[in-house]
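# Examination of the molecular architecture
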Amino acid sequence: MYVCLCNAVTDSQIRQAVHGGATRMCDLRRELGIASDCGKCACMANQIRKDAQAELSSCSVARSAA
């Protein structure tokens, strides 16, 4: 789904950026242009970022337990 219409950024691209090391909104802004124009996407993009980071954390915990 498109999150940032101004820059045509999807939720998949945000997740991919987080998996690639983007940990803060400024990282997403630099890499993808999120919230650099009108800013209406900032809240949704930030939530997707947090969710993707939580997924990464739970995966790494599961791997270390195995």
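Residues numbered from 1 in each chain as written. Predicted model: local features only at pLDDT ≥ 70, side-chain atom pairs only at ≥ 80, totals over all residues. Heavy atoms only, no water.

Going by what an unreviewed UniProt entry lists, the protein chain is known as Bacterioferritin-associated ferredoxin and is assigned to Chromobacterium amazonense. The Sequence similarities (unreviewed entry) field of the UniProt record for the protein chain holds the comment "Belongs to the Bfd family." (UniProt positions renumbered as here; feature names shortened; annotations may be inferred.)

What follows concerns the environment of Val-3. In this structure, Val-3 sits in strand 1 (residues 2-4). Since its relative accessible area comes to 12%, Val-3 is described here as buried. Measuring from C-alpha to C-alpha, the distance between Val-3 and Met-44 comes to 6.9 Å, with 41 residues separating the pair along the chain. (Helix = DSSP H or I, 4+ residues; strand = E, 2+ residues; numbered from the N terminus. Buried < 20%, exposed > 50% of the residue type's maximum accessible area, 1.4 Å probe, protein only.)

On to the side chain of Asp-27. Along the chain, the position of Asp-27 falls in helix 2 (residues 25-32). For Asp-27, a relative accessible area of 6% puts it in the buried group. A distance of 2.9 Å separates a polar atom in the side chain of Asp-27 from a polar atom in the side chain of Arg-30. In contact with Asp-27, other than residues within four places in its own chain, are Gly-21 and Ala-22. (Polar contact = N/O pair within 3.5 Å; in protein donor to acceptor, adjacent residues only side chain to side chain. Contact = heavy atoms within 4.5 Å.)

Our next topic: the packing of helix 1 (residues 11-19) against helix 2. At their nearest, the axes of helix 1 and helix 2 sit 11 Å apart, and the two run at 115 degrees to each other. Judged on the interaxial angle alone, helix 2 and helix 1 are roughly perpendicular. Handedness of the helix 1/helix 2 crossing: right-handed. Note on element contacts: helix 2 touches helix 1 through Leu-28, Glu-31 and Leu-32, opposite Gln-13, Ile-14 and Ala-17. For the contact of helix 1 with helix 2, the per-class residue count stands at four nonpolar, one polar and one charged. (Axes fitted to C-alpha atoms, helices over the stretch in contact; angles between N-to-C directions. Parallel < 35°, antiparallel > 145°, perpendicular 65-115°, else oblique. Left-handed = near helix turned anticlockwise from the far one by under 90°. Nonpolar A, V, L, I, M, F, W, Y, C, P; charged D, E, K, R; others polar.)

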